[in-house]
Structures are given as structure tokens and as C-alpha cells.
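The lines below spell out each chain.
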Amino acid sequence: MSDIRIEGVMKEGNRLFTTVTVGQSESVYGEKIVHKKNKTLRAWNPYRSKLAAAILKKTNILCSKENKILYLGAATGTTVSHLSDILIQGTVYAVEVSPFAMQKLIELSKKRKNILPILADAFHPEKYRHIVPEVDIVYQDISQRNQLQIFIKNIENYLKKNGQGIIMVKARSINVTMEPNKVYEEIKQKLQQQSYKITDYKKLDPYAKDHACIVVRRS
Ligand SMILES: C[S@@+](CC[C@H](N)C(=O)[O-])C[C@H]1O[C@@H](n2cnc3c(N)ncnc32)[C@H](O)[C@@H]1O
């Protein structure tokens, strides 16, 4: 079961799971809990989580159990909860601007101690300077016109040298009239102009229509 290189993530056919640690076997967003060979697994739905979609599409994403991840656009914690399964010795710093979504995220963080919820606008990364350290990964899933600017600001503030930046680009939010492939190319060019090395790029159809995942490395 598995050709996935991220410890704690398993694949069976086209289905993805994260391994649950003791005491965390509750369903978070209605996903199935499965028991296999003394392990408890949570189904990871690629239609609900762009990170799951990117992993299923074999995007070159490195993540290990002790990593620190700055997650921008955490919403109610669907994807964050799976990162919490993976980061058994690490932390996910989960930034979300909506107070409504934050309520759920706070509840989740009470049960999962490696989630640190931060109610803030990711456009102002200096606002969480006192909470967030240098991180291994900056992950961004914010469907806003200025999502690239927000991503770069956070990389510049928090990503360690050689760290990974992962952005889930929503073409229609950036430019509703432009053909999605053109939007992705523009974003890639702008990232390269900032001296980031693009290490992978995958379109996320059919799981997330008109979305792409771009992975960069900070030199
Ligand atoms: C597509 S949803 C994220 C889904 C989530 N990443 C997941 O996979 O479970 C985008 C989220 O970004 C949040 N958001 C939008 N602009 C933001 C900003 N400037 N700072 C922080 N969060 C923002 C929205 O409130 C929304 O919850």
C-alpha cells in the first residue's frame, strides 16, 4: 500500500490516507476512518484538499514529521488536520482571516496540540512575528487576486534558506478573463524573477478545476 514518499501518508489505488496517532482517531470533516494492520487511517479527500490533490498528482513535495509549516488560508482546518497527522514532532502555524472559520480551527487545536491557530490577515506577516519562527515550508491556499504578493511576503519573512514554498493558484481569482495556463505561466515567471527556483508545477484538475500547485525553493 503506498508509493508516497511522505512518512505518515499512504495511498491505496487512487485513495489517500494519513496515519492517525494515538488519541486522534476522530473524524474532522466527515472523512472515513479506516483500520488496517494495527493502524488507524483517515481518508484524505483530494476534492476537499488541494494538498491531497497535489500529492495524488505526484507533485514533488517534501515534508517530514519534525517540520514547521506556516499555513496561509487555513479555513476550518481540513488540510491542516492532515498535516497535523504528519507532523508528529512538528508544528503547523495556521493563519486564517475569518473569525468564523477560526472558531472551528481553535476547537481543532484543542485536540491537536501541534496546530497553532493564528487569526490574522496574511497580507501583514509582521503581525505574527511574535508567534511564528523560521519555517521549513510556507504553504498558501488563499483564493485572492493578490495571492502571489501574500505568498512572497511570507516567504521573505519566514521561510528558511532551502525551504519549500507551496502555492495553490486559483486562476479565476487572479484573472477571470485570462486562460488559466497563461495565469500559471505569469505566476511562474514572477516567482523566477524573485530568484525562486521552481521545483515542480502540476495542474490540479480534475480534483480542483482551474487550480495549479507550484512548488519553489528559496536559495
Ligand atoms: C480555499 S480556502 C482554504 C481551504 C483550506 N486551505 C483547506 O484546504 O482546508 C481559502 C481561505 O483563505 C482565507 N483567506 C482569504 N484571504 C486571507 C488572508 N488575507 N489572510 C488569511 N486568510 C485568508 C479565507 O477566509 C478562506 O478560509
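Structure shown above.
Not measured: the values here are computed from a predicted model. (Residues numbered from 1 in each chain as written. Predicted model: local features only at pLDDT ≥ 70, side-chain atom pairs only at ≥ 80, totals over all residues. Heavy atoms only, no water.)

## What about the site of the ligand?
Phase 1: Taken together, 18 residues lie around the ligand, and Tyr 71, Thr 79, Glu 96, Asp 121 and Asp 141 are the ones closest in.
Phase 2: In the model, a nitrogen atom of the ligand is placed 2.6 Å from a nitrogen or oxygen of the Tyr 71 side chain.
Phase 3: Within the contact set of the ligand, a nitrogen atom lies 3.3 Å away from a backbone nitrogen or oxygen of Val 97.
Phase 4: Coverage of the ligand by the protein amounts to 82% of the 610 Å² it exposes when considered alone.
Phase 5: Its residues assigned to classes, the shell around the ligand shows eight nonpolar, six polar and four charged. (Near = heavy atom within 4 Å. Polar contact = N/O pair within 3.5 Å; in protein donor to acceptor, adjacent residues only side chain to side chain. Areas by Shrake-Rupley, 256 points an atom, 1.4 Å probe, with all protein chains shown as cover. Nonpolar A, V, L, I, M, F, W, Y, C, P; charged D, E, K, R; others polar.)

## Remarks on the nonpolar core
Phase 1: Core analysis: the largest hydrophobic core is formed by 36 residues, its most contacted members being Ile 6, Leu 16, Trp 44, Tyr 139 and Ile 166.
Phase 2: Counting residues per element, the ones that place at least two in this core are α1 (50–56), β5 (68–72), α2 (78–86), β6 (91–96), α3 (99–111), β8 (135–140), β9 (159–170) and β11 (211–217).
Phase 3: Ranked by residue count, the leading element in this core is α1, at six residues.
Phase 4: Filtering out sequence-adjacent residues up to four positions away, Ile 6 remains in contact with Ile 55, Ile 61, Cys 63 and Ile 86.
Phase 5: Core analysis: the second largest hydrophobic core is formed by 32 residues, Ile 118, Ala 122, Val 183 and Leu 191 among them. (Core = buried A, V, L, I, M, F, W, Y, C linked by side-chain atoms within 4.5 Å. Buried < 20%, exposed > 50% of the residue type's maximum accessible area, 1.4 Å probe, protein only. Helix = DSSP H or I, 4+ residues; strand = E, 2+ residues; numbered from the N terminus. Contact = heavy atoms within 4.5 Å.)

## A closer look at the sheet that holds strand β7 (residues 115–119)
Phase 1: Strands sit in the order β7-β6-β5-β8-β9-β11-β10 across an open sheet of seven strands; the sheet is mixed. A strand with exactly one partner marks an edge of an open sheet, and here the two such strands are β7 and β10 (197–203). Along the sheet, successive strands turn relative to each other by an average axial angle of 15°, direction set aside.
Phase 2: Bridge analysis of β8 against β9 gives five bridges, and the strand direction is parallel. (Pairing = 2+ DSSP bridges. Axes fitted to C-alpha atoms, helices over the stretch in contact; angles between N-to-C directions.)

## As for the sheet that holds strand β4 (residues 39–44)
Phase 1: Pairing is antiparallel across the open sheet formed by four strands, whose spatial order is β1-β2-β4-β3. Only two strands of the sheet have a single neighbouring strand rather than two, namely β1 (9–12) and β3 (33–36). Each adjacent strand pair in this sheet contributes to an overall mean axis angle of 40°, direction not counted.
Phase 2: The pairing of β1 with strand β2 (residues 15–19) spans four bridges and is antiparallel. Bridge pairing in β2 links Met 10 to Phe 17.
Phase 3: Running at roughly 150° to β4, α2 makes contact with β1, β2 and β4 of the sheet.

## Considerations on the side chain of Ser 84
Phase 1: The residue Ser 84 is located in helix α2 in this model.
Phase 2: Engagement of the side chain of Ser 84 in a polar contact is seen with the side chain of Asn 114, the distance being 2.8 Å.
Phase 3: Residues contacting Ser 84, with those up to four places away along its chain left out, are Arg 112, Asn 114 and Ile 115.

## A short note on helix α4 (residues 147–158)
Phase 1: In this model α4 runs 16 Å from its N-terminal to its C-terminal C-alpha over 12 residues, within 8% of the 16 Å that 1.5 Å per residue would give.
Phase 2: Among the residues of α4, those classed as buried are Gln 147, Leu 148, Ile 150, Phe 151, Ile 152, Asn 154, Ile 155 and Tyr 158.
Phase 3: Buried residues along α4 sit in contact with β5, β8, β9, α5 (171–174), α6 (180–193) and β11. (Expected span 1.5 Å × (residues − 1).)

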